[in-house]
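# Residue-level structure breakdown
One-letter residues, chain by chain:
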Amino acid sequence: MIQVFHAVVYLVLVLPACSTEEPSCKLQERFQLSSLYKKGDIILGGIFEVSAKTIAPDMSFQSKPDEWKCEGFDISIFQRAQTMVFAIEEINKDPHLLPNITLGYILYDNCVKLPVSLRAATALIGGLDRVITDYNCQGLPPVLAIVGDPTSTNSIAISRLLGVFHIPMISYYATCPCLSNKREHPSFFRTIPSDAFQVKAMVEIIKHFKWTWIGAIASEDDYGQYAITTFSEEIRNIACISFMETIPKINQKPKILTILNKIRQSTATVIIIFASGVDITALVKEIVLQNITGKQWIASDGWSTSSTLAKKENFPSFGGTVGITIRRGEITGLEKFLLQVKPNFDLNNKLSIQFWEAMFECTFQGNKTNQLLPSKICTGTENLEITQTAYSNVLQLRGSYNVYKAVYALAHALHNMLSCENGTGPFKNNTCANVQNIQPWQLLHYLRHVNFTNHLGETVAFDENGDVLGIYDVVNWQWTAGGYVKIQTIGSFDQSSTHGKGLFLNESNIQWNFDSGQVPVSVCSNSCQPGTRKAFRKGEPICCFDCIPCADGEISTHTDSIECIQCPHDQWSNPGRNCCLLKEVEFLSYSDAMGITLTTAALFGASFSCTVLAIFIHHRYTPVVKANNSEMSFVLLVSLTLCFLCSLCFIGQPSNFTCIIRHVVFGISFVVCVSSILVKTIVVLMAFTATLPGNNTMKWFGVMQQRCTIFFLTCIQSLICTFWLTTSPPFPTQNTMSQNAKILLECNTGSSIGFSCLLGYIGLLACICFFLAFLARNLPDTFNEAKFITFSMLIFCTVWITFIPAYISSPGKYTVAVEVFAILASSFGLLFLIFAPKCYIIILKPKSNNRKALMGRSNMTK
């Protein structure tokens, strides 16, 4: 379609101007553009944005529109145009580079407007001649290559035009990543890194300072929009964007006020701006006017080194700005060359006249294009060497250094092309380019493979996309003791770094424009410390979250953990929830208060039982002892002693031995105890029955039968214990489930059936004993032991019935304590209720311990 378009333009505009009578074609009209020109064997074109303001012509379509008028000559930008002139002059003087070839140039001002840039580009490829006589397209083209345009939007449009004719174009300031697309821009190159690299550098800075909440503003052009789109993609996994706004090209005031409201309302401290200095001038003025402070600005290369913005009145709001800018270079001899420039009154060198008038604020006589300047007359003899302006400042050569590299890249490509030997050339039939007829597409081939090292030791080469390596300086706007703003280099970013980290910052040299003087914090939510986890807020960016403490038994060991980690089963989280500690091991110990109390009670009970046994043995021939079945009393006291002592097996750290022995001793001791009481109860009942005339039942339940009864009943319990221990014996275990923060060392009963049978058998004997004792409660006083047995068994049964729910509901070591308490309580109940009355008579009422007294009481009862 583009080829068709150009064919139509040629047929409609060029051919009508050709007369059949004249062997030539005449241009209908030439664009009125400000330029610099010098003739040469090979001409290089250049496009620079020297004028900062334009006045658009009337587009009413009722008359022929006037030319665009350019105003606001920028002497600092004119330095870049003069750098191209300097580079060409330097190459022409170099006997080793392009010998016998003189380079010429023609440079145009694009007035920072796309229409003017397109006119400049078409003027360059069309040439200066009004009359065209070369119908065969032989000889050199008007320009062989173009250095420029500096803006991305203009470069996109121009490169599409030049790409049709394969004319190389090397931009020194266009950074849009879209220009790396070789399908759309096949002849485009640049000596400034793509914004893709710039964005990576900015992301690295944001990562370095741990900023996670960012505001983003971009200009309404290809440069700003491509950059902010790339930035939002790169930053996605590192930080969140609080707001994104666009600075419009026209009707800026309402939109700028909207942007200011967003800046005020946002909690983001760090704000990044992708725009040129011209585009953000209005925004900067409004921010300063409304005294918006406390923000950390991150500047793109479009305005990070702008001397018109980095000035005293803007410092309260923009001081401490950190920016990315292209690498600074040094060009030997440039300053001297700049100060030797003189005005040239040739019509093709209007830019030199405009520069002189802007520098010295004067007007040359007869110059009608600059009537707005003061009436001071320029003489042309003014001294540039006494001026101190951005034009002659060569300490911060960045854009100018890129221009310098672009010119030298073209020169080296030309040199390589002219050094070709026939038969080894890259073109058809291994031919080389004809020096008399060099074509742009031939230069394009060599430009793609150019590779040289300049005087600074920097390698200049283009990758497959026409880009150079991403190398940047990091700068900081600082206030100096002299009372002015200095743009200080504080670090660098090298995309090709082999050390794994392309960003280097000298943090001690950074000036932060905050009261604390420290690195500002820009987060939506503060980092979650170890021991907590992130809980993202619904409907908000992932950088906005709440910090939730880890649950019991869970930890987080890293900052900003997404989830907490469960501790192993034998460990528990510390109070800070940031590490797992071994769980506290708990068991009923001899050393804790409860263990000491129960041990003391058990030893006291056993001692008391032994004391009673000693008393009974000592007084075994007294009526009280003999009347209460002394042998069974001895057995009962021994079994009670064992009952007290078996509780000690429940105290201390469980082991295989103690887990087995505690239940065996407990079960058999209590069976012997209850069996003895049962036998005593039966003896009381049979003794009462034997007093009736003609009843001799006592002979069937004598001493041997009593012993056999106890032995038989005990054997049943022994069989239960043997079956239990052989099938599923108790064993020590670590209980990590009952209490989260503790490991309970306890004895697992093994077989619940065996343990239930053991307790059930004791309970059965106790119930039978209680029933028989209850029947014997009204016997004569001489045999009133049945009453005490009744009360003792009532207490015994009550204790063990209440033991069941208490045992089930008690946690940890208290479970064992409940069991020990039940053993001791039931044992003390039996001991005191059965033997306390007898000991009272034996010790305190010895006179009542005789047959006469006992019989007397019996008669009184009758």
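Residues numbered from 1 in each chain as written. Predicted model: local features only at pLDDT ≥ 70, side-chain atom pairs only at ≥ 80, totals over all residues. Heavy atoms only, no water.

## Concerning the sheet that holds strand β27 (residues 584–586)
- The three strands lie next to each other as β27-β29-β28, forming an open sheet whose pairing is mixed. Edge positions in the sheet fall to β27 and β28 (731–735), since each of these pairs with one other strand and no more. Going across the sheet, the axis of each strand differs from the next one's by a mean of 25 degrees, ignoring polarity.
- The sheet contact formed by β28 and strand β29 (residues 742–748) spans five bridges and is antiparallel. Note that in β29 the partner of proline 732 across the bridge is cysteine 747. (Pairing = 2+ DSSP bridges. Helix = DSSP H or I, 4+ residues; strand = E, 2+ residues; numbered from the N terminus. Axes fitted to C-alpha atoms, helices over the stretch in contact; angles between N-to-C directions.)

## Quick notes on the state of the cysteines
- One pass over the structure, following the stated rule, counts ten disulfides.
- Paired through a disulfide, cysteine 524 and cysteine 544 show a sulfur-sulfur distance of 1.9 Å. In this structure the cystine formed by cysteine 524 and cysteine 544 twists about its S-S bond by roughly 105 degrees; its chirality is therefore right-handed. On the criterion of sequence distance, the pair formed by cysteine 524 in the loop between β20 (503–505) and β21 (532–536) and cysteine 544 in the loop between β21 and β22 (545–549) is long-range, its members being 20 residues apart.
- Exposure remark for cysteine 524: the relative accessible area of 21% places this residue in the partly exposed category.
- Shown here is the disulfide that connects cysteine 567 with cysteine 580, its sulfur atoms set 2.0 Å apart. (Disulfide = S-S within 2.5 Å. Buried < 20%, exposed > 50% of the residue type's maximum accessible area, 1.4 Å probe, protein only.)

## Structural notes on the nonpolar core
- Phe78, Met84, Leu103, Phe355 and Leu447 are the most contacted members of the largest nonpolar core, which totals 75 residues.
- Among the elements that take part in this core, helix α12 (residues 399–418) stands out by supplying twelve residues, more than any other.
- In this structure, methionine 84 is in contact with Leu44, Gly45, Gly46, Phe48, Leu107, Val147, Val403 and Val407, ignoring residues within four places of it in sequence.
- Residues Phe644, Leu713, Ile823 and Ile834 belong to the second largest nonpolar core, which totals 62 residues. (Core = buried A, V, L, I, M, F, W, Y, C linked by side-chain atoms within 4.5 Å. Contact = heavy atoms within 4.5 Å.)

## Regarding the sheet that holds strand β15 (residues 322–326)
- Spatial ordering of the open sheet is given by β12-β11-β13-β14-β15-β18-β19-β20, a layout of eight strands whose pairing is mixed. What marks the edges here is a single partner per strand, and that holds for β12 (240–247) and β20. Taken over all neighbouring pairs, the strand axes of this sheet differ in orientation by 25 degrees on average, direction set aside.
- Along the sheet, helix α5 (residues 195–208) contacts β11 (213–219), β13 (270–274), β14 (296–299), β15, β18 (471–479), β19 (485–494) and β20; its crossing angle with β15, the most-contacted strand, is approximately 150 degrees.
- Along the sheet face, helix α7 (residues 252–265) touches β11, β12, β13 and β14 and points at about 165 degrees away from the line of β12.

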